[in-house]
Amino acid sequence: MNIGILALQGAFKEHKDILDKLEADSYEIRKKSDLKKRPDGLIIPGGESTVIGKLLNDLDMMEELKNMIENGIPVFGTCAGLILLAKKIENDKRIHLGCMNIEVQRNAYGRQLGSFVTEEEFQGIGKIPMVFIRAPYIKSIGNNVKILSEVKGKIIAAEEKNILVTAFHPELTKDTRVHKYFIEKITE
Ligand SMILES: NC(=O)CC[C@H](N)C(=O)O
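Residues numbered from 1 in each chain as written. Predicted model: local features only at pLDDT ≥ 70, side-chain atom pairs only at ≥ 80, totals over all residues.

## Focus: helix 3 (residues 62-70)
Turning to step 1, where the next piece is worked out: Within the sequence span of helix 3, burial applies to Leu 65, Met 68 and Ile 69. What you see down the axis of helix 3 is that its buried residues fit within an arc of 95 degrees, all on one side. Exposed positions of helix 3 whose direction lies more than 90 degrees from the buried face are Glu 63, Asn 67 and Glu 70.
Turning to step 2, where the next piece is worked out: For helix 3, the elements touching its buried residues are helix 2 (49-58), strand 4 (75-78) and strand 12 (163-166).
Turning to step 3, where the next piece is worked out: At the exit of helix 3 stands Gly 72, carrying a positive phi of roughly 105 degrees. (Buried ≥ 20, exposed ≤ 12 C-beta atoms within 10 Å, placed from the backbone. Helix = DSSP H or I, 4+ residues; strand = E, 2+ residues; numbered from the N terminus. Arc of directions from axis to C-beta. Contact = placed C-beta atoms within 7 Å.)

Written out as structure tokens, the structure is:
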């Protein structure tokens, strides 16, 4: 198995460290030709969705990446990755990849709660530590979207067919179970 991690901006290295721990091979996607290396799965990391979105356009990668996701490659988006995958962003006119039937709110926790750590149930896994950094939450979901976790009454993890998203950063904790869940999705 080889997982491609989008490495244009943000916390991509931390995802690789977790995959290394789980003994799953991975490589960094930095340019269009890296998308052609036939990855079995994709990770879109946290960072700044506007910056990653702009780089995807500038590097002419947006359309190809969107096609790969629409053709069913398993993809895991964290935080900015979740925003990039959403079909609708409440407080931003831009749509980036627009593959997942969710509406998200960017920077949704305001100044006071800009960043926080908590522990909550994740469906099928149990209680896990969650790190939120100027995170979004999911305001509403389409018919085929399954909710995987909620914090403070807001949806912060969900799944739709081949797409898995979390508003928090599992790669910034020592807990490898969400990545393991994603790897199981690939091998299913
Ligand atoms: N930690 C993150 O990925 C933050 C996401 C960022 N606030 C955005 O809107 O893209």
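## Describing the environment of Ile 18
Turning to step 1, where the next piece is worked out: Mapped onto the fold, Ile 18 is located in helix 1 (residues 12-21).
Turning to step 2, where the next piece is worked out: What makes Ile 18 buried here is the crowd of 22 C-beta atoms within 10 Å.
Turning to step 3, where the next piece is worked out: Put simply, Ile 18 and Ser 33 are 15 residues apart on the chain and 25 Å apart in space, counted from C-alpha to C-alpha.
Turning to step 4, where the next piece is worked out: In contact with Ile 18, other than residues within four places in its own chain, are Glu 171, Thr 176 and His 179.

## Quick notes on the UniProt feature "binding site: L-glutamine" (unreviewed entry) in the protein
Turning to step 1, where the next piece is worked out: Following the UniProt record, one finds the feature "binding site: L-glutamine" (unreviewed entry) at Gly 47, Glu 48, Ser 49, Arg 106, Ile 133 and Arg 134. Taken along the chain, the residues just named run across 88 residues; in space they keep tight, none of their C-alpha pairs more than 12.8 Å apart.
Turning to step 2, where the next piece is worked out: As for its position among the elements, Arg 106 is in the loop between strand 6 (100-105) and strand 7 (115-122).
Turning to step 3, where the next piece is worked out: Looking at Arg 106, the number of C-beta atoms within 10 Å reads 19, which means it is partly exposed.
Turning to step 4, where the next piece is worked out: If near-sequence neighbours (up to four positions away) are discounted, Arg 106 is found in contact with Ile 83, Ile 89, Asn 91, Asp 92 and Pro 136.
Turning to step 5, where the next piece is worked out: Relative to the helices and strands, Ile 133 is located in strand 8 (residues 126-133).
Turning to step 6, where the next piece is worked out: Residue contacts for Ile 133: discarding those within four places in its chain leaves Gly 46, Cys 79, Ser 115 and His 169. (UniProt positions renumbered as here; feature names shortened; annotations may be inferred.)

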